Amino acid sequence: MEKIEQGKSYDAGELAGLCGQPEDVRVFEGEKAKVITQDEGNGVVKVLEILRQTPRCPNCFEIIDTIYTSRTVQLKFKGGQWVEEQADRYFNSQCPSCQEEFNDEDLDNLGVPQEIR
Ligand SMILES: [Zn+2]
């Protein structure tokens, strides 16, 4: 098996073979996202997998790095020190840009882990 060399040009099919992936699969990678796609012809590609994507509000489409939440915490004296303890499991979340509330599906799409909701 030939070693892949940086700066060298390859036939796409040959390179796919050297990488061990199907020939019509391409990776798009940029600042905002990294996705694996399959070539469907006529310049159209289908997204097979999203490896990374900058979170965007599903309502206003702004890039967000903050989600407003409201939940109640209490301060408890435990083991000789004050600690923060969540007082309820009620959780709501909101876009900092448009103030719209996110539902569970929105949070799934934004990639918010279940454990911190
Ligand atoms: Zn928004």
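Below you will find a few notes about this structure. (Residues numbered from 1 in each chain as written. Predicted model: local features only at pLDDT ≥ 70, side-chain atom pairs only at ≥ 80, totals over all residues.)

1. So, the overall build of the protein
In plain terms, the rule: Put simply, DSSP H or I for four residues or longer makes a helix, DSSP E for two residues or longer makes a strand, and each gets a number counted from the N terminus. With the radius of gyration taken over C-alpha atoms, the globule rule is written as 2.2 Å times the number of residues to the power 0.38. Our exposure labels follow a C-beta count within 10 Å of each residue's own C-beta, placed from the backbone: buried means 20 or more other C-beta atoms, exposed means 12 or fewer, and partly exposed covers the counts in between. A pair of residues counts as a contact when their C-beta atoms, built from backbone coordinates, are separated by no more than 7 Å.
Tallying secondary structure elements over the protein gives 2 helices and 8 strands in all. Ordered by position from N to C terminus, the α and β elements of the protein give α-β-β-β-β-β-β-β-β-α. Radius of gyration (C-alpha) of the protein: 22 Å, far over the 13 Å computed for a compact globule of 117 residues. Its C-alpha atoms give the protein principal-axis dimensions of roughly 65 × 35 × 20 Å. Residue burial in the protein is summarised as follows: out of 117 residues, 3% are buried. Considering only intrachain contacts with a sequence separation of at least 6, the fraction spanning at least 24 residues in the protein is 25%.

2. Some details on the environment of Thr-72
Mapped onto the fold, Thr-72 is located in the loop between strand S4 (68-70) and strand S5 (73-78). Note: C-alpha distance between Thr-72 and Phe-91 (19 residues apart in sequence) is 8.8 Å. Once residues lying within four places of it in the same chain are set aside, the contact partners of Thr-72 are Ala-87 and Asp-88.

3. A look at the sheet that holds S4
The condition that has to hold: The criterion for strand pairing is that DSSP finds at least two bridges linking the strands in question.
What the 3 strands build is an open sheet, ordered S4-S7-S8; its pairing is antiparallel. The open sheet has two edge strands, S4 and strand S8 (101-102), and neither has a second partner. With 2 bridges connecting them, strand S7 (residues 92-94) and S8 associate as antiparallel partners. Bridging across to S8, Ser-93 finds its partner in Phe-102.

4. Comments concerning the sheet that holds strand S1 (residues 25-29)
Stated formally: Interaxial angle, 0 to 180 degrees, is taken between N-to-C directions of lines fitted to C-alpha atoms, where a helix line uses only the stretch in contact.
Strand order across the open sheet formed by 3 strands is S1-S2-S3, with antiparallel pairing between neighbours. In this open sheet, the two edge strands, each paired with only one partner strand, are S1 and strand S3 (44-53). When the angles between neighbouring strand axes are averaged without regard to direction, this sheet yields 25°. In terms of strand pairing, S1 meets strand S2 (residues 33-41) through 5 bridges, oriented antiparallel. Pairing of Val-25 across the sheet is with Gln-38, part of S2.

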